[in-house]
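# Overview (structure and organization)
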Amino acid sequence: MSNKLKLTNFSLSDIGLSRNQNQDYYYSDILYSNNGELISGLSVIADGMGGLKNGREVSRIAVKTFVEYIKSKKFNFKNSDKFIFKEMIKGFKIANQKV
């Protein structure tokens, strides 16, 4: 029996009852180290902009910018939760500036 942790992810978004277009954008993936060890799951959602023009594009840019920043950090098990949290805040700020 293997004692390796296995992780599965799933994402779902709904247009709701009053919109013509779903402007939510999400990313969900499992992150592995360079040697194939499971690091973490990463799920991010940007809620749409209430039907505003280009809301879907804004959500997409925000999520992609955040994910690119987080993936560039190459976290590992030696990183503290505090360090990871600070990097996530930086990623959110960068994504916010981009949109």
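Scope of this entry: the structure provided in the associated data block. Only a predicted model underlies this, so the values are computations on that prediction, with no experimental measurement involved. (Residues numbered from 1 in each chain as written. Predicted model: local features only at pLDDT ≥ 70, side-chain atom pairs only at ≥ 80, totals over all residues. Heavy atoms only, no water.)

## Remarks on a nonpolar patch on the surface
Together, F85, I89 and F92 make up an exposed nonpolar region whose accessible area comes to about 290 Å². Along the polypeptide, F85 turns up in helix α2 (residues 81–98). Residue classification places F85 among the exposed residues on the basis of a relative accessible area of 53%. (Patch = residues over 30% accessible without salt bridge, like charges linked within 9 Å, V, L, I, M, F, W, Y side chains within 5 Å. Areas by Shrake-Rupley, 256 points an atom, 1.4 Å probe, with all protein chains shown as cover. Salt bridge = Lys/Arg side-chain N within 4 Å of Asp/Glu carboxyl O. Helix = DSSP H or I, 4+ residues; strand = E, 2+ residues; numbered from the N terminus. Buried < 20%, exposed > 50% of the residue type's maximum accessible area, 1.4 Å probe, protein only.)

## Looking at the environment of T8
Here T8 lies in the segment before β1 (25–32). With 22 residues separating them in the primary sequence, T8 and I30 have C-alpha atoms 7.7 Å apart.

## Points about the packing of aromatic side chains
For the structure on display, the rule yields 1 aromatic pair. Look at F66 and F92: their rings are 4.4 Å apart centre to centre, the planes differ by 5°, and that puts the pair in the stacked class. Remark: F92 occurs in helix α2 and F66 occurs in helix α1 (residues 55–72); sequence separation between them is 26 residues. For F66, a relative accessible area of 2% corresponds to the buried category. (Phe/Tyr/Trp six-rings, centres within 6.5 Å; stacked < 30°, edge-to-face > 60°.)

## Details of α2
Under the 1.5 Å per step criterion, the end-to-end length of α2 is 26 Å for 18 residues, consistent within 8% with the ideal 26 Å. Buried residues of α2: E87, G91 and A95, and no others. Summarising the axial view, the buried residues of α2 lie within an arc of 80°, below the 170-degree limit, and thus occupy one face. The exposed set on the far side of α2, more than 90 degrees from its buried face, consists of K82, F85, K93, N96 and Q97. (Expected span 1.5 Å × (residues − 1). Arc of directions from axis to C-beta.)

## Brief notes about the environment of K90
Among the structural elements, K90 can be located in helix α2. Separated by 58 residues in the primary sequence, K90 and Y32 place their C-alpha atoms 21 Å from one another. Side chain to side chain, K90 and E87 meet in a polar contact 3.2 Å long. (Polar contact = N/O pair within 3.5 Å; in protein donor to acceptor, adjacent residues only side chain to side chain.)

Read these as spatial facts, not as claims about activity.
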